[in-house]
Protein chains: 4
Amino acid sequence: MARDPSRVETFSDGIFAVVLTVMAVELLQYGPARAGGRELPDALAHAWPSYLAYVITFGIAGQIWLGHHNMWRYVVRVDQVLLVFNLLLLLFVAAIPFTADLLSDNLRGSAAEQRLTAALYVGTVLGESLFFNLSWWWARRHRLLHPDLDPRLARAVARRLLLRPPLYLIAFAFVFVDPILSLLLYLLLVGLSLIRRPGDLPRFSAEAGGEVSDRGR
Amino acid sequence: MARDPSRVETFSDGIFAVVLTVMAVELLQYGPARAGGRELPDALAHAWPSYLAYVITFGIAGQIWLGHHNMWRYVVRVDQVLLVFNLLLLLFVAAIPFTADLLSDNLRGSAAEQRLTAALYVGTVLGESLFFNLSWWWARRHRLLHPDLDPRLARAVARRLLLRPPLYLIAFAFVFVDPILSLLLYLLLVGLSLIRRPGDLPRFSAEAGGEVSDRGR
Amino acid sequence: MARDPSRVETFSDGIFAVVLTVMAVELLQYGPARAGGRELPDALAHAWPSYLAYVITFGIAGQIWLGHHNMWRYVVRVDQVLLVFNLLLLLFVAAIPFTADLLSDNLRGSAAEQRLTAALYVGTVLGESLFFNLSWWWARRHRLLHPDLDPRLARAVARRLLLRPPLYLIAFAFVFVDPILSLLLYLLLVGLSLIRRPGDLPRFSAEAGGEVSDRGR
Amino acid sequence: MARDPSRVETFSDGIFAVVLTVMAVELLQYGPARAGGRELPDALAHAWPSYLAYVITFGIAGQIWLGHHNMWRYVVRVDQVLLVFNLLLLLFVAAIPFTADLLSDNLRGSAAEQRLTAALYVGTVLGESLFFNLSWWWARRHRLLHPDLDPRLARAVARRLLLRPPLYLIAFAFVFVDPILSLLLYLLLVGLSLIRRPGDLPRFSAEAGGEVSDRGR
């Protein structure tokens, strides 16, 4: 019965796998036979918003997967509330390809369309971020985390998670200046989140022989 | 060989992951380049039944996943019959996006269409509910459940599962009054099922140190 | 490193999950907004070959999953050849929705079309069956199976697997009599395979306390 | 917490499962009802580039899965960098169906189209190969591999992985001679990679009783 967290991970990973690949599947419609009379190089070049949407989706959802992976390593028990928070997190994650596709497609639209799609996009990542914060807060509060997890580390992670919604909102605000700049800021946030900082989840130390034996038996 | 139940969970989770994301994938066709000449805000607003179908599918299938998760925690052995019941359960679960899409799309159709699609929808959830009941009944009868599971708890779960089909039928009947009301009743049932009641599956107690060590090694 | 078989199972299950749900996803195109001017009941009734293809795919691929599940329970090691056989098995399994869709769609076509699609369909299941037989033969020959598996049981399973290709060919031959009859014979074979016979893989006995403790810890 | 590598495997397998099946899903659009007035045999024959793209994708992505499976068997710990390398590997893997579809579709196009699509295709497999090499290099350097792995074997694997990018480039170069020949060379490389050579990852020996007991308990 203590296996619960691993089933939640498997289930979430199934959804992440679909989200990460769906934009690549969408690309298939740009095959020449279906390009509607255009020349191939022209048809492929015209589809650039789809490639951009693929990369954005992969970047954002890949980063969320990394965070999910880092968080759930420490979860040793689940309850109904944590499962519901995780489902709601996934509800927003699964909508990312749709809003990322709208966002990148409308970089060649009017200013009003750019703002509308940027607002829809930021709504998705804010929703995801909200339930990420709630999951971590609930897991800490109800002692669902590994007892050896240093409480100061847990607090540092919570603080860092809290930082994300305002940063997303700042990136969104730049759509009123320049939509490309706004998009670059989102991708910069992804890049920054990959750099290790104090308060980051620790890397496994190479000396922890017990962990090796658990897998390597 | 005792790993069997975990493979059933992995397999079922793969199907749940597709079911939960497929409506989000469908949304991709409402991107502006494919909206057929409409203005973007108009095209997006016109697609509201798809957003509704996404939320209904996520709500209903997410709730079924929670129930499946709670039930299979207690399954320690599987036999051929339980696997077949589980496959038939998944046959109906995989049809939910189709019927939920029809249901929400026809809220703007005629009364006859609303009733037809509501009947198809309730058929799917009744089928799913039937095989959920049969799975639990068979697992109890053939001692496939964990020996430490309190028989009174197992009985309480069985009673609760039995309640679901009539409740679904009542929600369906309201389509003859108002289809929106009928839909709200379905979503209310999802909400109610998330609240813990006597007879509910217990939360892991924070004191169960043995379980922690199983994962936290 | 002894975990290998479980990764093969996870990977195969991902493919099975897509195969089982893809026909349900295809159904989504029959939503009323996309039915091209037909009345809803008429549009839904006209789509019956798709429902049939969904049920056939679920039946056939579900049965293959059951067989895969039963076989891989006994696999304790993998080698490169077994992995390649498994990949080739999956290559044919993933083509089942396509040929099942063609088969059911052409029940309303000409006799020549019925025979062509029936031949394509039987080709897929024969290919799948071939690599199932090869997998079991290779695993037995190279001692990749659990050492406690009774050799007589392993032989009985091999004999039973060998029976499947000729039975499929007989079901196929009936397409020259009546294509509906041929289809019913396929589904009858699925039904028969679910019934336990001597030589079937054993059900877990309720007395095997050691297995319970492995999961129920 | 030592379970990390297994979650990375599950997640990657979800993506591999989608990649391997997506071309089979695409085939569904060639069903007769959607073939646009053509005769069935003609419509099916006309779709040969899609069958080819399915087989190429399955061959290439199946081989990558085998390599991923063989590599990750030896990974006992993960860090942030290895996870990011794995995500970038998957970014290129998920694009393979798109470029394989373009490649096979343009075998009946002009020479310029053949070269363009061959260049896009080789770009995908080079990207995948780059991050495969980086993953193995990083895992060796930061002692994320099983301590019992023979360093000479690890080095031999690294040398073999390094061989792949130049071989891919040679196969690509043949597109200027004959695009069919270039394609056959790619498939030959897949075939060669399945043959065991010195420096290959070892097969599990049948004598290693300890491994048996880990799974067979």
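Preceding this section is the structure that the text describes.
Rules behind the numbers
- All residue numbers here refer to positions counted from 1 along the written sequence of the relevant chain.
- To label them, take the chains in the order written and letter them from A, then take the ligands in the order written and number them from 1.
- Only residues with pLDDT of at least 70 get local features here, since the model is predicted, and only at 80 or more are side-chain atom pairs given and counted; chain-wide, interface and lining totals rely on the full set of residues.
- The side-chain quantities take in all heavy atoms of the structure and omit both hydrogens and water.
- Only runs of H or I of at least four residues qualify as helices and only runs of E of at least two qualify as strands under DSSP, and these elements are numbered from the N terminus.
- Between the first and last residue of a helix there are one fewer steps than residues, each counted as 1.5 Å, and that sum is the expected span.
- To sort residues, take the accessible area from a 1.4 Å probe on protein chains only and compare it with the maximum for the residue type: under 20% means buried, over 50% means exposed, and anything in between is partly exposed.
- Relevant arc is that of directions from the helix axis to the C-beta atoms, nothing else.
- We call two residues in contact whenever any of their non-hydrogen atoms come within 4.5 Å of each other.
- Whenever two N or O atoms come within 3.5 Å, that pair is a polar contact, provided that in protein one can donate a hydrogen and the other can accept it, and provided that, for residues adjacent in sequence, both atoms are side-chain atoms.
- What counts as a ring pair is set by centres within 6.5 Å for rings of Phe, Tyr and Trp (its six-membered ring), and what kind of pair is set by the plane angle: stacked under 30 degrees, edge-to-face over 60, tilted for all other angles.
- Copy-to-copy superposition: least squares on the C-alpha atoms, limited to residues that have pLDDT of at least 70 in both copies.
- Values labelled buried area give the accessible surface lost by two parts on being combined, using a 1.4 Å probe and summing over both.
- Think of it as three bins: nonpolar holds Ala, Val, Leu, Ile, Met, Phe, Trp, Tyr, Cys and Pro, charged holds Asp, Glu, Lys and Arg, and polar takes everything else, Gly as well.

Time to look at helix 8 (residues 179–194) of chain C. Taking 1.5 Å of rise per residue, the 16 residues of helix 8 of chain C would be expected to cover 22 Å, and the 24 Å separating its terminal C-alpha atoms lies within 8% of that figure. For helix 8 of chain C, every residue scored as buried is listed here: P179, S182, L183, Y186, L189, V190 and S193 of chain C. All buried residues of helix 8 of chain C fall inside an arc of 110° around its axis, so they share one side. The elements touched by buried residues of helix 8 of chain C are helix 4 (80–105) of chain B together with helix 3 (48–72), helix 5 (96–105), helix 6 (111–141) and helix 7 (151–173) of chain C. With a side-chain oxygen lying 2.8 Å from the backbone nitrogen of I180 of chain C, the N-terminal cap of helix 8 of chain C falls on D178 of chain C.

Bringing the packing of aromatic side chains into the picture now. The full count for this structure, using the stated rule, is 40 aromatic pairs over all chains. Between W65 of chain A and F11 of chain D, the aromatic rings sit 4.0 Å apart at their centres with planes inclined by 15°, giving stacked as the arrangement. Of the two residues, W65 of chain A sits in helix 3 (residues 48–72) while F11 of chain D sits in helix 1 (residues 4–27), which places them in two different chains. Like F11 of chain D, W65 of chain A is buried. When the ring of Y168 of chain C is compared with that of Y186 of chain C, the centres are 6.3 Å apart and the planes differ by 45°; the resulting orientation is tilted. Of this pair, Y168 of chain C sits in helix 7 while Y186 of chain C sits in helix 8, placing them 18 residues apart in sequence. Residue classification places Y168 of chain C among the buried positions, given a relative accessible area of 3%. On the accessibility criterion, Y186 of chain C (2% relative accessible area) is buried.

Relative to the helices and strands, E113 of chain D resides in helix 6 (residues 111–141). Sequence-distant contacts of E113 of chain D, that is, excluding residues within four places in its chain, are made with L40 of chain A together with N106 of chain D.

Turning our attention to the relation of the copies chain D and chain C. With an RMSD of 0.0 Å, the fit of chain D onto chain C corresponds to turning through 90° and sliding 0.0 Å along the axis. In short, the pair behaves as if placed about a four-fold rotation axis. Taking the C-alpha atom as reference, chain D places G14 of chain D closest to the rotation axis, 4.0 Å from it. Little of the interface of chain D is mirrored in chain C, where only 16% of its interface residues are also at the interface.

Next up on the list: the interface of chain D and chain C. In this complex, chain D contributes 45 residues to the contact, which on the side of chain C involves 48 residues. Carbon and sulfur atoms supply 67% of the area that chain D and chain C bury against each other, a total of about 4300 Å² over both sides. Counting every contact that joins chain D to chain C gives three residue pairs in polar contact (both at pLDDT 80 or more). Only helix 1, helix 2 (40–46), helix 3 (48–72) and helix 9 (209–216) of chain D provide two or more residues apiece to the side of chain D that touches chain C. Top element by residues in the side of chain D that touches chain C is helix 1 of chain D. It accounts for 12 residues. Of the residues assigned to the side of chain D that touches chain C, the class counts are 24 nonpolar, 13 polar and eight charged.

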